[in-house]
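Take a look at the letters that make up each chain.
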Amino acid sequence: MPKLVHELDGVFAFMIWDPRTQVLHVARDAIGIRPLFWNGLHVTPKSNCLALASEAKAILAHPDFNQAQQFPPGHCIALKLDERSPYVTVQKPMEPFRF
């Protein structure tokens, strides 16, 4: 995925699900023009969900989440669904990218 984000020109925030590998790719433009919020992979006793949205209020509307943080500008991350449990694991750590 980092190779792809180097090729993009402009403002973006996206999530791409790869059903073949069960990996979710998330990226945000280097300047951070497009908003992208997430719960930061914080697991609560009632919920082990990953929440991503273009507005913080969408995440905070969920009863199990009491925080939403901005996904860092100029970063990408790959998250893999663990088939043996309901948890999402970081397949590739969050990393900055440069143009």
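Located above this text is the structure these notes cover.
Residues numbered from 1 in each chain as written. Predicted model: local features only at pLDDT ≥ 70, side-chain atom pairs only at ≥ 80, totals over all residues. Heavy atoms only, no water.

### Describing the pattern of salt bridges
The test is simple: Think of a salt bridge as a Lys or Arg side-chain nitrogen and an Asp or Glu carboxyl oxygen that are within 4 Å of each other. Buried residues are those whose accessible area, probed at 1.4 Å on protein chains only, stays under 20% of the maximum for their type, while exposed residues exceed 50% and partly exposed ones sit between those limits.
Applying the stated criterion across every chain yields a total of 2 salt bridges. Between Asp18 and Arg20 there is a salt bridge, with the nearest N and O atoms lying 3.7 Å from each other. The shortest N-O distance in the salt bridge between Lys57 and Glu55 comes to 3.6 Å. Given a relative accessible area of 41%, Glu55 falls into the partly exposed group.

### Looking at the nonpolar core
The test is simple: Each nonpolar core is a collection of buried residues, namely Ala, Val, Leu, Ile, Met, Phe, Trp, Tyr and Cys, held together in the definition by side-chain atoms within 4.5 Å. Secondary structure follows DSSP: runs of H or I at least 4 residues long count as helices, runs of E at least 2 residues long count as strands, and numbering of each begins at the N terminus.
With 8 residues, the main nonpolar core is built from Leu24, Val26, Leu36, Trp38, Leu52, Phe71, Ile77 and Leu79. Elements with a minimum of two residues in this core: β2 (23–28) and β6 (75–81).

### Thoughts on the packing of aromatic side chains
The condition that has to hold: Pairs were defined over the aromatic rings of Phe, Tyr and Trp, the Trp ring being its six-membered one, requiring ring centres within 6.5 Å. Orientation was assigned from the angle between planes: stacked under 30 degrees, edge-to-face over 60, tilted for the rest.
Applying the stated rule across the entire model yields 2 aromatic pairs. Ring centres 5.6 Å apart and planes at 35° place the aromatic pair Phe12 and Phe14 in the tilted group.

### Considerations on the side chain of Arg28
Short version of the rule: Only four residue types enter the charge count, namely Lys and Arg as positive and Asp and Glu as negative; His and the chain termini do not. Two N or O atoms count as a polar contact when they lie within 3.5 Å, although within protein this holds only if one can serve as hydrogen donor and the other as acceptor, and sequence-adjacent residues are included solely when both atoms are side-chain atoms.
Checked against the element boundaries, Arg28 lands in strand β2. For the buried residue Arg28, which engages in no salt bridge, the nearest side chain bearing the opposite charge is Asp29, 5.0 Å off. Polar contacts involving the side chain of Arg28 include one to the main-chain carbonyl oxygen of Phe71, which spans 2.5 Å.

### Considering the pairing of β2
Counting buried positions along β2 gives 6 out of 6 residues, so the element sits mostly inside the fold. Of the two faces of β2, the one holding Val23, His25 and Ala27 and the one holding Leu24, Val26 and Arg28 are both buried throughout.

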